[in-house]
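Okay, here's what each chain looks like letter by letter:
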Amino acid sequence: YLIRQYGRPPGYPPGPPWTPVVGNLPELRKLAKKFGGQYVALWKLAKQYNTNVLGLKMGGDYVVTVFSYEVVKQVLLSEEFDGRPDNFFIKLRCFGARRGVTCTDGPLWKAQRSFVTTHLKELGFGRNTMESMIKEEVEGILDYIRENSHDVQIGKLLAPSVINILWTFTSGTRINRDDPQLSKILDLLHERTRAFDMSGGTLSQHPWLRYIAPEKTGYNLIQRINCDLKNLMVGTIKEHYNTWVYGKNEDLIYAYINEIKTANGNKSVFSDDQLLLVCLDIFIAGAQTTSSTLDFLFLVMILYPDIQKKVHYSIDNAFQKNESISYQDRQRVSFIEAVILEVERYYAVVPINGPRRVLRDTELEGYHIPKDTTVLISLHSVHFDKDYWKDPEVFRPERFLDNEGNIHNKERVLTFGLGHRRCLGEILAKHAIFLIFVEVMRKYTISLWPGTKQPTGIPVPGITITPEIYRAQFTPR
Ligand code: HEM
């Protein structure tokens, strides 16, 4: 028993020794606190052990983290790393069993993922409604700036619009900015991001702790989030059932009901429980990531006024005053694309990609990785690799522009992952980020609200990183 508790499996990647029962968890938590996030702590440990594949034990689970571009790419592109961990935290998030897209693997995951991807494609390219849906939200953002005397807390400005883009895609309806339900959901999602790390927090390793410390372990928080989001979604799904007729598929819920009805009671991977989790996945995976990226974009406009000037110049040069702008126009403003890429590199909102489960015993860089090991993939370390980027700690959009001013060098920006589990909302997120940023910058100069504290630019850690709260002044141009 002791050998199993203390010993490393033969050929397991290097890393610090661990203690029985808790593994490396206490040490990692201490380091995360000291260095400002688990993703920084893991990279510090990797440097200490001079490795790109770090072997740890968290509670009773083997957890391996990969760091260099080459190993990260190998993991993202290899089918044996396509699994998702099957632990208490994941089950809790999915109301008792693994469901939906983000937390499943195998044939169930393939079917759910392919359904959402197809629906997104139809929305974006078939009926071309994606842009008009986003443009409606852009108008809402511009109205909000006008009405709030230009003193704006960016998080409050953007998050409702992002939620509404996702909600319109899912349910065909919007939630009003002033609806208390919306601010409740936003608060919960925000709290969730900060409360957990990618390995699932303490709960995954020691589920029994929920009986002793339900608040501290985040158990109560997850239950609250689940309950609120479930209430919102179950009500909407019910309304869709009431108005559904065969073939109606103008939003994701109607299209999913079609799949359920087509199965006609036969055993199928499409069910009401799955639908609920697919909707939840879209919210959880899409809301905070997209709004934080936008939030960081506006923050860098405040931190680097010279870059803001170039952004304005680029927009004014490319577009007439009232010209309608579409996502296809991004080629005309390559400096803006470069700024967005640099924000995605510098502030990788998902610093550690969603955790993976190894589907069979395998090898990585000559190390043995046992079946069912959890693999964490550090995107932050790829984005800050000194050998490749030379000056990664400098915020410099020009690194993505060649001598002719065209975009280059973007292969190593892995913000949306790679391979079979690559982000399925990437196109939607990119449309929203580009259109919202360009339309706001076209009309306003942004600066810090006078008298408020200068932001440091240091991200607040969590499952996704977020900017510190700051207040901005929008001056019409
Ligand atoms: C800037 C915004 C976004 C970023 C940075 C981002 C990042 C990521 C990353 C890195 C992954 C890969 C996880 C893995 O490989 O295990 C992922 C997966 C995923 N994303 Fe996004 N995402 C964004 C926006 C969105 C949006 C808007 C949606 C919803 C439409 C979405 C839905 C998903 C889903 C459902 C998955 C799971 C895919 C799977 O497990 O097969 N994401 N995202």
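Numbers given for residues are sequential positions, taken from 1 along each chain in its written order. At least 70 in pLDDT is required for a residue's local features to be given in this predicted model, at least 80 for side-chain atom pairs to be given and counted, and no such filter applies to totals for whole chains, interfaces and linings, which use all residues.

Caption draft 1: Representation of the site of the ligand within the structure. By definition, a residue lies near a molecule or strand provided its backbone-derived C-beta atom is within 6 Å of it. The immediate surroundings of the ligand are formed by 23 residues, with Gly286, Gly354, Gly417, Cys423 and Gly425 found nearest. Listing elements by their share of the shell around the ligand, those giving two or more residues are α14 (272-303), β4 (352-357) and α19 (426-443). Residue contributions to the shell around the ligand peak at seven residues, all from α14. When residues are grouped by polarity, Ala, Val, Leu, Ile, Met, Phe, Trp, Tyr, Cys and Pro land in nonpolar, Asp, Glu, Lys and Arg in charged, and all others, Gly among them, in polar. Among the residues forming the shell around the ligand, the class breakdown is 10 nonpolar, 10 polar and three charged. A helix here means a DSSP run of H or I that spans at least four residues, while a strand means a run of E at least two residues long, and both kinds are numbered starting from the N terminus.

Caption draft 2: Representation of the packing of helix α12 (residues 219-243) against helix α13 (residues 252-263) within the structure. At a minimum axis separation of 10 Å, α12 and α13 run at an interaxial angle of 65°. The way α12 lies across α13 gives a crossing that is right-handed. Contact with α12, carried on its side by Thr236, Ile237, His240 and Tyr241, involves Ile253, Tyr254 and Ile257 of α13 and no other residues of that element. Of the residues in the contact of α12 with α13, the class split is five nonpolar, two polar and no charged. To define axes, lines are fitted to C-alpha atoms, for helices over the stretch in contact only, and angles between the resulting N-to-C directions are given on a 0 to 180 degree scale. Less than a right angle of anticlockwise turn of the near helix away from the far helix marks a crossing as left-handed, whereas a clockwise turn marks it as right-handed. Contacts here follow a simple rule: the backbone-placed C-beta atoms of the two residues must lie within 7 Å.

Caption draft 3: Broad picture of the sheet that holds strand β2 (residues 61-66). Two strands pair under a simple rule: DSSP has to find at least two bridges between them. Spatial ordering of the open sheet is given by β1-β2-β7-β4, a layout of four strands whose pairing is mixed. At either margin of the open sheet sits one strand with a lone partner, and together these are β1 (53-58) and β4. For this sheet, the mean angle separating the axes of adjacent strands, direction not counted, is 25°. By the bridge criterion, four bridges tie β2 to strand β7 (residues 374-378) in an arrangement that is parallel. Residue pairing across strands places Val63 opposite Thr374, the latter belonging to β7. The strands touched by helix α4 (residues 69-77) within the sheet are β1, β2, β4 and β7, with β7 carrying the most contacts at an inclination of about 130°.

Caption draft 4: Summary view of the environment of Ile185. Secondary-structure assignment places Ile185 in helix α9 (residues 180-195). The burial criterion counts other C-beta atoms lying within 10 Å of a residue's C-beta, which is placed from the backbone; the residue is buried at 20 or more, exposed at 12 or fewer, and partly exposed between these limits. Since 22 C-beta atoms lie within 10 Å of it, Ile185 is described here as buried. Counting along the chain gives 123 residues from Ile185 to Gln308, while the straight-line C-alpha distance between them is 32 Å. In contact with Ile185, other than residues within four places in its own chain, are Ile163, Asp228, Leu229 and Leu232.

Caption draft 5: Quick look at the pairing of β4. Most of β4 is tucked away: five of the six residues are buried. As defined by bridge partners, β4 adjoins β7 across four bridges and the pair is classed as antiparallel. Considered in β7, the bridge of Asn353 is made with Ile377.

Caption draft 6: A look at the UniProt feature "binding site: heme" (unreviewed entry) in the protein. Those places that UniProt annotates as "binding site: heme" (unreviewed entry) correspond, in this numbering, to Cys423. Those residues within four positions of Cys423 in sequence are excluded, and the remaining contacts are Phe416 and Gly417. UniProt positions are given in the numbering used here, feature names are shortened, and annotations may be inferred rather than shown by experiment.

Caption draft 7: Molecular detail of the environment of Tyr327. The topology assignment puts Tyr327 in the loop between α15 (305-318) and α16 (334-346). Of the residues examined, Tyr327 has 17 C-beta atoms within 10 Å and is grouped as partly exposed. Distance from Tyr327 to Lys430, taken between C-alpha atoms, is 8.4 Å for residues 103 residues apart in sequence. If sequence neighbours within four positions are ignored, Tyr327 has contacts with Glu131, His431, Phe434 and Leu435.

Caption draft 8: Main features of the pairing of β2. Burial analysis of β2 places five of its six residues in the buried class, the great majority of the element. In terms of strand pairing, β1 meets β2 through six bridges, oriented antiparallel. Considered in β2, the bridge of Leu54 is made with Thr65. Hairpin remark: β1 followed by β2, antiparallel, with two residues in the connecting loop; positive phi at Gly59, about 60°.

Caption draft 9: Fine view of the nonpolar core. By size, the foremost hydrophobic cluster in this structure holds 119 residues, and its most contacted members are Ile377, Ala432 and Phe437. Counting residues per element, this core draws most heavily on α14, which supplies 17 residues. Once you skip the residues sitting within four places of it in the chain, Phe437 turns out to touch Leu294 and Leu297. A set of buried Ala, Val, Leu, Ile, Met, Phe, Trp, Tyr and Cys residues, joined to one another through C-beta atoms within 7 Å, is what we call a nonpolar core.

Caption draft 10: Geometry of unusual backbone geometry. Positive phi outside glycine occurs at Glu365, with the angle close to 50°. Summarising the element assignment, Glu365 is placed in the loop between β5 (362-364) and β6 (367-369). Taking the C-beta count within 10 Å as the criterion, Glu365 has 14 such neighbours and is therefore assigned partly exposed. For Lys390, which is not glycine, the phi dihedral falls at a positive 70°. Position of Lys390 among the secondary structure elements: in the loop between α18 (386-389) and α19.

Caption draft 11: The arrangement of the packing of helix α7 (residues 129-147) against helix α8 (residues 154-171) in detail. Remark: α7 packs on α8, axes separated minimally by 10 Å, with the N-to-C direction vectors making an angle of 160°. Taken together, the axes of α7 and α8 lie roughly antiparallel to each other. The two elements α7 and α8 meet at a crossing, and its hand is right-handed. Contact residues: α7 offers Met133, Ile134, Glu137, Gly140, Ile141 and Tyr144, while α8 offers Leu157, Ser161, Asn164, Ile165 and Thr168. Our angle categories are set so that under 35 degrees counts as roughly parallel, over 145 as roughly antiparallel, 65 to 115 as roughly perpendicular, and the remainder as oblique.

Caption draft 12: How the structure looks around α4. Turning to α4, its buried residues number three or more, namely Val72, Val75 and Leu76. Buried residues along α4 cover an arc of 95° about the axis, so they all sit on one side. Buried-residue contacts for α4 involve β2, β4, β7 and α17 (379-383). Note that the arc is defined by the directions from the helix axis to the C-beta atoms.

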